Amino acid sequence: MFKKITKKGGMNQHDPYEKIPKARSFNLESDDLVDGGDMPAPRLSKIAGIEVGSDKSPSLRWDGFDKRTKSFMVTCFDPDAPIPSGFWHWCLYDIPLDITELEAGAGNPDKSKLPIGAKMLKNDAGFAGYIGAAPPPGTPHRYIFCVTALGTPELQNVTEDSSIAFSTYMALEHVLGRAFLTVSFKRDGVVELWC
């Protein structure tokens, strides 16, 4: 027996990071995003049908991380996607220690703005690059940008064919800190979900 649920609004409060080991926090800022604010139009997804979107990753810069750090990982995750696993929008890994800033568009699929040494995995849309926000109509979705400081220069057993979920799992034993910046986006309308 299935129960029909109609969602009209309200923010999901599930924290996808609460079940993994805690880590020291550090600073993360952006010229394009405001923590707790709305996802701006260029960071939305034209690929997924939002005309004003451009699927352009935001600028990010970070500091205050552990002195033992040897590399960084950057991810963008939507924990509110209407699927059990959430939706990974972006992942860069093996970012060298001397890179503490990404310019807007560093997640372009052509990799023209990718820092030397950094690698990019396929997002849940199936290509290596950043895909912007494009949730179904209904409740607001959160987009969690996370920079993870790692105590290893390279993630072992992670290849370009690895999933982002696998890469974040392989990073767990090396985590020295995390920095977060969360924005949200809501499409107008009502969505009906069956569960």
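Everything numeric in this text was worked out from a predicted model, so none of it was measured. (Residues numbered from 1 in each chain as written. Predicted model: local features only at pLDDT ≥ 70, side-chain atom pairs only at ≥ 80, totals over all residues. Heavy atoms only, no water.)

J.: Just checking my understanding: could you explain unusual backbone geometry for this structure?
T.: Leaving glycine out, the prevailing phi sign among residues is negative, and the prevailing peptide bond configuration is trans. The phi dihedral of Lys111 is positive, around 60°, even though this residue is not glycine. Of note, Lys111 is situated in the loop between strand E7 (101–102) and strand E8 (119–120). For Lys111, a relative accessible area of 39% puts it in the partly exposed group. One non-glycine residue, Asn157, adopts positive backbone phi at about 65°. Structurally, the position occupied by Asn157 is in the loop between strand E9 (141–150) and helix H1 (164–171). (Helix = DSSP H or I, 4+ residues; strand = E, 2+ residues; numbered from the N terminus. Buried < 20%, exposed > 50% of the residue type's maximum accessible area, 1.4 Å probe, protein only.)

J.: I'm lost on the layout of surface pockets in this one. Help?
T.: The gaps of empty space that remain are located by a probe, the size of a water molecule, rolled over the atoms. In this structure, the largest pocket spans a volume of roughly 470 Å³. Lining the largest pocket are 22 residues; nearest its centre among them are Pro16, Tyr17, Ile20, Trp88 and Thr168. Of all the secondary structure elements, the ones that give two or more residues to the lining of the largest pocket are strand E5 (71–78), E9, H1 and strand E10 (175–185). The leading source of residues in the lining of the largest pocket is H1, at 4 residues. Of the residues belonging to the lining of the largest pocket, the class tally is 12 nonpolar, 5 polar and 5 charged. (1 Å grid on protein atoms, 1.4 Å probe; cavity = no way out; pocket = protein on both sides within 12 Å on 5 of 7 lines; lining within 4 Å. Points joined across faces, edges and corners; volume = space filled by probe spheres on them. Nonpolar A, V, L, I, M, F, W, Y, C, P; charged D, E, K, R; others polar.)

J.: Any chance you could explain the side chain of Asp78 here in plain terms?
T.: With respect to the helices and strands, the residue Asp78 is situated in strand E5. The side chain of Asp78 sits in the buried core without any salt bridge; Arg142 is the nearest counter-charge, 6.5 Å away. Engagement of the side chain of Asp78 in a polar contact is seen with the backbone nitrogen of Asp80, the distance being 2.7 Å. Polar side-chain contacts of Asp78 include one of 2.8 Å to the side chain of His141. If we ignore the near neighbours within four places in the chain, the residues touching Asp78 are Gly86, Phe87, His89, His141, Arg142 and Tyr143. (Lys, Arg positive; Asp, Glu negative; His and termini not counted. Salt bridge = Lys/Arg side-chain N within 4 Å of Asp/Glu carboxyl O. Polar contact = N/O pair within 3.5 Å; in protein donor to acceptor, adjacent residues only side chain to side chain. Contact = heavy atoms within 4.5 Å.)

J.: What am I meant to see in the sheet that holds E7 here?
T.: Sheet strands pair via backbone hydrogen bonds, and the direction of the pair is either parallel or antiparallel. With respect to topology, 3 strands assemble into an open sheet ordered E3-E4-E7, the strand pairing being antiparallel. Lying at the two open borders of the sheet, with one neighbouring strand each, are strand E3 (27–29) and E7. Judged from the 2 bridges that link them, strand E4 (residues 60–63) and E7 form a sheet pairing that is antiparallel. Across the sheet, residue Arg61 finds its bridge partner in E7, namely Glu101. (Pairing = 2+ DSSP bridges.)

J.: What exactly am I supposed to notice about the environment of Ala41 here?
T.: With respect to the secondary-structure elements, Ala41 resides in the loop between E3 and E4. In this structure Ala41 comes out as partly exposed when scored by relative accessible area, which is 32%. On a C-alpha basis, the gap between Ala41 and Phe65 in space is 30 Å, while along the polypeptide they are 24 residues apart. Among residues more than four places away in sequence, those in contact with Ala41 are Val52, Gly53 and Ser54.

J.: Quick question: what am I supposed to make of the pairing of E4 here?
T.: Side-chain positions along a regular strand alternate between the two faces of the sheet. Residues Leu60 and Trp62 line the buried face of E4, whereas the alternating positions Arg61 and Asp63 sit on a face that is not buried. Two elements, E3 and E4, share 3 bridges in a ladder whose sense is antiparallel. Counterpart to Asn27 in the pairing with E4 is Asp63.

J.: Where do I start with the packing of aromatic side chains in this structure?
T.: What describes a pair of aromatic rings is the distance from one ring centre to the other and the angle between the planes of the rings. For the structure shown, the criterion picks out 7 aromatic pairs. Ring centres 4.8 Å apart and planes at 70° place the aromatic pair Tyr17 and Phe180 in the edge-to-face group. Here the residue Tyr17 occupies a position in the loop between strand E1 (4–7) and strand E2 (24–25), and Phe180 occupies one in strand E10, the gap between them amounting to 163 residues. Ring geometry for Tyr130 and Phe145: centres 6.5 Å apart, planes at 25°, overall stacked. Linking Tyr130 in the loop between E8 and E9 with Phe145 in strand E9, this pair joins segments that are 15 residues apart in sequence. Summarising the burial analysis for this pair, Tyr130 and Phe145 share the class buried. What links up through ring pairs into an aromatic cluster is the set Phe26, Trp62, Phe65 and Phe72. (Phe/Tyr/Trp six-rings, centres within 6.5 Å; stacked < 30°, edge-to-face > 60°.)

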